[in-house]
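The residues making up each chain are set out below.
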Amino acid sequence: MTKWHARMDRRSFLSRSSIAASLLLRGTLGKLNAAPKAESAGPVAQTNSGNIRGAMQGKVIAFKGVPYGASTEGSGRFLPPGKVQPWTRVRDALELGPASPQVPSNLIPESMAQQPKEDGSGTEDCLHLNVWTPSVGRGKRPVMIWFHGGGYSAGSANWAMYNGGNLSAKRDVVVVTVNHRLNVFGYLYLAGLGNEKYAQSSNVGMLDIIAALEWVRDNISNFGGDPGNVTIFGQSGGGGKVSTLLGMPGAKGLFHRAIAMSGSSVRSTPASQAAQNTEQFLAKLGLKANQVDQLQSLPAAQLLEAMRSMQRFQLGPVVDGRTLPAHVFDPTASQISANVPLMIGSTETEVTWSNAVKFDPLDEAALHNRIRDNLKIDDAAADRLIAVYKQGRPKASNLDLFFIISTDTSNFRVGTDTEAERKALLAKAPVYKYYFQWYSPVREGKLRSYHTLDIPFVFENIDVTQSMIGNGPERQPLADKMSAAWVAFARSGNPNHPGIPHWAPFDTSHRATMIFNNECKAVNDPYREERLARAALKTPESTA
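Keep in mind that this is a model prediction, so the values were computed, not measured.

Colleague: Give me the lowdown on the overall build of the protein chain, citing residues and values where you can.
Modeller: Helices and strands together make up the secondary structure of the protein chain, namely 18 helices and 16 strands. For 544 residues, the compact-globule estimate of 2.2 N^0.38 gives 24 Å, and the C-alpha radius of gyration of the protein chain, at 22 Å, lies within 12% of that figure. Overall, the C-alpha framework of the protein chain stretches about 70 × 55 × 50 Å when taken along its three principal axes. Taking all 544 residues of the protein chain together, the buried fraction comes to 61%. Residue pairs at least 24 apart in sequence account for 78% of intrachain contacts in the protein chain once pairs closer than 6 positions are excluded. Positive and negative side-chain charges of the protein chain, numbering 58 and 47 respectively, have mean locations separated by a distance of 2 Å.

What follows is the structure in structure tokens.
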């Protein structure tokens, strides 16, 4: 991966956030995040830990901040999630739970407007989920469990665009969103230190997610959902979490379909590399391996600051041989989830998500030089690649081409393409591939089809996300097409519905792909010549 791509990678969410985000939040989130007072009457549902009271949100019932695991503070830090302490009285589930501790993001302010100001730096008592359902009591609705973006280091389920109320009401499904541990709290690998206490301290952020899936299995029938029809879906880091779950034995049987949006996990961190990372982290704190117990008593802020100060310190799922036995999609797709249908795709210009992106026009020489330098290819190869893209996209500007080529050669596209191909080669469950090509009108259209742009349409949250997608009349028709496809897939493993052309499963021969735009098109091998031109470069495969 090139230096430019490394800067654009979603792991670089760990930079300073824009002040504009907090200013945009206040008027936008009130309706979705405001909870009734604790004494207000609301529907009650039963869980294994005790009864909880929700509140009506339009036509559905929202249960927010429901604990699925014990607090991970103090003695629970870095260890697998513990069980929730039962309660006897009806517990109010009216407010979103806290996010995991984290550092600020570098997302563009149009997206940051979705982050609630309450998220702040988060707390370690973060194992909570939210449920939206049309009714409580026994039911057989499909269940859709959402994992948020932000890589493995940032974000939360609390962002306004993830609110499941509209999707649940319009499509008659049960929507669940999950908070879990992130960064060092969820992915610091301590199992290789030889300390028996931390022998299970590997991938605990993913173990949190499995605990949430177990909560759904055990409780969701009381919320009108079918525990035998569960779809996991997520975007960016959430897509990576979805992909990782496809290779985790502990998650097998807890979900039945999977959707990865602009995120993948072809390869994960080898245990040897993760152990080196941990040693470097301990050294940054002035600790040795035999002093690891002190990590549990240090302030969370001190751990975050140490993490933030380290160069090339990458945190994510580790191939530990136990919770994650092998790379999920390398060299082939995991057999653990061979029978699970997969929907997967990405947006056309993923890389325009960051505050670091420049939108100055490019002349021919600048385009050539950037492509040559970023891809580390020679002048002739750069000319050939650019010529193919120009031929296939005659109306595209040089800046358009730069963003599209940069996306096509980044983790965002390479990872999702690789997963689709290798999953399809198993030939045991269908794969459905999509390409999101709608361009946002905000900021004079400069952001194009950026990373996160598809989320509002899937969730039917087109009004609260006007900072991202504007207020044009084309929003609702596209949301109708996309949310219906996502829910059709959740119901049956097949995304087809009357509002879109026939969407055939993907295979490596025909490469059927649904292009989502104002006019949706089903195309075999879209932009084939570009794909072949990229393959001829022999660009190293992404590991994200």
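Colleague: Outline helix α14 (residues 411-426), listing residues and values.
Modeller: The terminal C-alpha atoms of α14, which comprises 16 residues, lie 22 Å apart, in line with the 22 Å expected from a rise of 1.5 Å per residue. A positive phi of about 55° marks Ala427, the residue just after α14.

Colleague: Could you give an account of the packing of helix α11 (residues 364-375) against helix α12 (residues 379-392), with specific residues and numbers?
Modeller: Between α11 and α12, whose axes approach to 9 Å, the crossing angle comes to 115°. Viewed along their axes, α11 and α12 form a crossing whose handedness is right-handed. Every residue of α12 that contacts α11 at Glu364, Leu367, His368, Ile371, Arg372 and Leu375 is listed here: Asp379, Ala382, Asp383, Leu385, Ile386 and Lys390. Across the contact of α11 with α12, the residue classes break down as six nonpolar, one polar and five charged.

Colleague: Which residues make up the pairing of strand β1 (residues 44-47), and what values go with them?
Modeller: Burial of β1 is one-sided: the residues Ala45 and Thr47 facing one way are buried, the residues Val44 and Gln46 facing the other way are not. Here four bridges tie β1 to strand β2 (residues 50-53), and the two strands are oriented antiparallel to one another. The partner of Ala45 across the bridge, within β2, is Ile52. Linking β1 to β2, which pair antiparallel, is a turn of two residues.

Colleague: Requested: an account of the sheet that holds strand β9 (residues 223-235), with residues and values cited.
Modeller: By definition, the strands of a sheet pair up through backbone hydrogen bonds, in either a parallel or an antiparallel sense. On the basis of which strands lie adjacent, the open sheet formed by 11 strands has the order β3-β4-β6-β8-β7-β9-β10-β13-β14-β15-β16 and mixed pairing. The sheet is open, and its two borders are formed by β3 (55-57) and β16 (521-524), each paired with just one other strand. Averaged over all neighbouring strand pairs, the angle between strand axes comes to 25°, with direction disregarded. Bridge analysis of β9 against strand β10 (residues 257-261) gives five bridges, and the strand direction is parallel. Counterpart to Ile232 in the pairing with β10 is Ala258. Set on the sheet, helix α8 (residues 237-245) makes contact with β7 (137-147), β9 and β10; between it and β9 the angle comes to about 115°.

Colleague: Outline the sheet that holds β2, supporting the account with residue identities and numerical values.
Modeller: One open sheet holds the three strands; their spatial order is β1-β2-β5, and the pairing between them is mixed. Every other strand in the sheet has two partners, leaving β1 and β5 (91-92) as the edge strands with one partner each. Of the pairings in the sheet, the one linking β2 to β5 comprises two bridges and is parallel in character. Residue pairing for β5: Ile52 is matched across the bridge by Arg91.

Colleague: An account of the side chain of Glu124 is needed here, citing residue identities and associated values.
Modeller: Residue placement: Glu124 occurs in the loop between α4 (109-112) and β6 (128-133). A distance of 2.7 Å separates the side chain of Glu124 from the side chain of Arg77, its partner in a polar contact. The contact partners of Glu124, leaving out residues within four places of it in the chain, are Ser71, Thr72, Glu73, Arg77, Pro101, Phe185 and Ala300.

Colleague: Please set out the environment of Ala274 residue by residue, giving values where relevant.
Modeller: Within the fold, Ala274 resides in helix α9 (residues 271-284). Owing to a relative accessible area of 6%, Ala274 belongs among the buried residues under this scheme. Sequence separation between Ala274 and Gly316 is 42 residues; the distance between their C-alpha atoms is 9.0 Å. Excluding residues that lie within four positions of it along the chain, Ala274 makes contacts with Tyr189, Thr269 and Val318.

Colleague: Tell me about empty space enclosed by the protein, residues and numbers included.
Modeller: A full pass over the atoms with the stated rule returns six cavities of 30 Å³ or more. Looking at the largest cavity, its volume works out to about 210 Å³. Taken together, 15 residues line the largest cavity, and the ones lying closest to its centre are Asp417, Lys433, Tyr435, Pro526 and Arg534. Elements represented by at least two residues in the lining of the largest cavity include exactly α14, β14 (431-436) and α18 (528-537). Of the residues forming the lining of the largest cavity, the biggest block, three residues, is contributed by α18.

Colleague: Just give me the short version of the confidence of the model for the protein chain, but keep the residues and values in it.
Modeller: Model confidence for the protein chain is summarised by a mean pLDDT of 91, while 91% of its residues fall at 70 or above. Within the model, the stretch residues 1-40 combines pLDDT values under 50 with 99 contacts to residues more than four positions away or in other chains. This model gives residues 539-544 a pLDDT under 50, and the stretch forms 17 contacts once residues within four places in sequence are excluded.

Calculation rules
Residues numbered from 1 in each chain as written. Predicted model: local features only at pLDDT ≥ 70, side-chain atom pairs only at ≥ 80, totals over all residues. Heavy atoms only, no water. Helix = DSSP H or I, 4+ residues; strand = E, 2+ residues; numbered from the N terminus. Rg over C-alpha atoms; globule rule 2.2 N^0.38 Å. Buried < 20%, exposed > 50% of the residue type's maximum accessible area, 1.4 Å probe, protein only. Contact = heavy atoms within 4.5 Å. Lys, Arg positive; Asp, Glu negative; His and termini not counted. Charge placed at Lys NZ, Arg CZ, Asp CG, Glu CD. Expected span 1.5 Å × (residues − 1). Axes fitted to C-alpha atoms, helices over the stretch in contact; angles between N-to-C directions. Left-handed = near helix turned anticlockwise from the far one by under 90°. Nonpolar A, V, L, I, M, F, W, Y, C, P; charged D, E, K, R; others polar. Pairing = 2+ DSSP bridges. Polar contact = N/O pair within 3.5 Å; in protein donor to acceptor, adjacent residues only side chain to side chain. 1 Å grid on protein atoms, 1.4 Å probe; cavity = no way out; pocket = protein on both sides within 12 Å on 5 of 7 lines; lining within 4 Å. Points joined across faces, edges and corners; volume = space filled by probe spheres on them. pLDDT = per-residue confidence, 0-100.

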